[in-house]
Amino acid sequence: MKIQWRLRMAAAQREVWTGTELRRLLAEKADLELSSASVSALFTKEPSQVKMTTLAALCTALECTPNDLIEVDTTPVERPLAPPRPVADLPHAASARGRSMPPL
C-alpha cells in the first residue's frame, strides 16, 4: 500500500500557491491558527501523520474532500515466497511417557 500527500496539488487547483495564502485561508475559513513552520511543513513535505482536526480544517479552507488531499494506492505489495524452513530433528524420548530412566 502506498500513500501520497497531495496538498500542494489540491491547493494549486484552487489557486492557492503559497503557505502564507494557505495559512490565511485556514484562519479565515476554518478558524485554525497554525504556525508558519507547520503550514510550510504540510505544504512541502509528506507528513507521517495528520490530526483529524487539521485534515478537516484543510478540507474546509480549500473546499475539498480528504480524497483530494490523500491518495491511497491499495494494490497489494507482492512479497517473494520464502523457502520452507527445514524441520530440525527432535531428540527421541527414552520411554513412552517422555522420561528417561534413572541412572543405575
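Treat the numbers as computed from the prediction; the structure is a model and nothing was measured.

## Notes on the pattern of salt bridges
- This structure, assessed with the given rule, holds 4 salt bridges.
- We note a salt bridge from Arg-6 to Glu-71, for which the minimum N-O separation is 3.7 Å. Here Arg-6, found in the loop between strand E1 (2-5) and helix H1 (7-13), pairs with Glu-71, found in strand E2 (residues 70-73); they are 65 residues apart in sequence, far enough to count as distant.
- For Arg-6, a relative accessible area of 24% gives the class partly exposed.
- The residue Arg-14 makes a salt bridge to Asp-68 at a minimum N-O spacing of 3.5 Å. Placement of Arg-14 in the loop between H1 and helix H2 (19-30) and of Asp-68 in helix H5 (residues 66-69) is noted, with a sequence separation of 54 residues between them.

## Looking at the packing of H2 against helix H3 (residues 36-44)
- Closest axis-to-axis distance for the H2/H3 pair is 9 Å, and the angle between their directions is 115 degrees. When the axes of H2 and H3 are compared, the pair comes out roughly perpendicular. For the pair H2 and H3, the crossing hand works out as right-handed. Listed contacts from H3 to Gly-19, Leu-22, Arg-23 and Leu-26 of H2 are Ser-36, Val-39 and Phe-43.

## Description of the nonpolar core
- With 21 residues, the main nonpolar core has Leu-7, Leu-22, Leu-26, Leu-58, Leu-62 and Leu-69 as its most contacted residues.
- Counting only elements with at least two residues in this core, the list comes to H1, H2, H3 and helix H4 (52-62).
- Among the elements that make up this core, the one with the highest residue count is H4 (6 residues).

## Re a nonpolar patch on the surface
- Together, Met-1, Ile-3 and Val-72 give the surface a local cluster of nonpolar side chains, amounting to about 300 Å² of exposed area.
- Considering the arrangement of structural elements, one finds Ile-3 in strand E1.

## Notes on the packing of H2 against H4
- The N-to-C vectors of H2 and H4 enclose an angle of 95 degrees; their axes lie 8 Å apart at closest approach. Judged by the inter-axis angle, H2 sits roughly perpendicular to H4. Together, Leu-22, Leu-25, Leu-26, Lys-29 and Ala-30 of H2 and Ala-57, Leu-58, Thr-60, Ala-61 and Leu-62 of H4 make up the contact between the two elements.
- When grouped by side-chain class, the residues that make up the contact of H2 with H4 number 8 nonpolar, 1 polar and 1 charged.

Calculation notes
- Residues numbered from 1 in each chain as written.
- Predicted model: local features only at pLDDT ≥ 70, side-chain atom pairs only at ≥ 80, totals over all residues.
- Heavy atoms only, no water.
- Salt bridge = Lys/Arg side-chain N within 4 Å of Asp/Glu carboxyl O.
- Helix = DSSP H or I, 4+ residues; strand = E, 2+ residues; numbered from the N terminus.
- Buried < 20%, exposed > 50% of the residue type's maximum accessible area, 1.4 Å probe, protein only.
- Axes fitted to C-alpha atoms, helices over the stretch in contact; angles between N-to-C directions.
- Parallel < 35°, antiparallel > 145°, perpendicular 65-115°, else oblique.
- Left-handed = near helix turned anticlockwise from the far one by under 90°.
- Contact = heavy atoms within 4.5 Å.
- Core = buried A, V, L, I, M, F, W, Y, C linked by side-chain atoms within 4.5 Å.
- Patch = residues over 30% accessible without salt bridge, like charges linked within 9 Å, V, L, I, M, F, W, Y side chains within 5 Å.
- Areas by Shrake-Rupley, 256 points an atom, 1.4 Å probe, with all protein chains shown as cover.
- Nonpolar A, V, L, I, M, F, W, Y, C, P; charged D, E, K, R; others polar.

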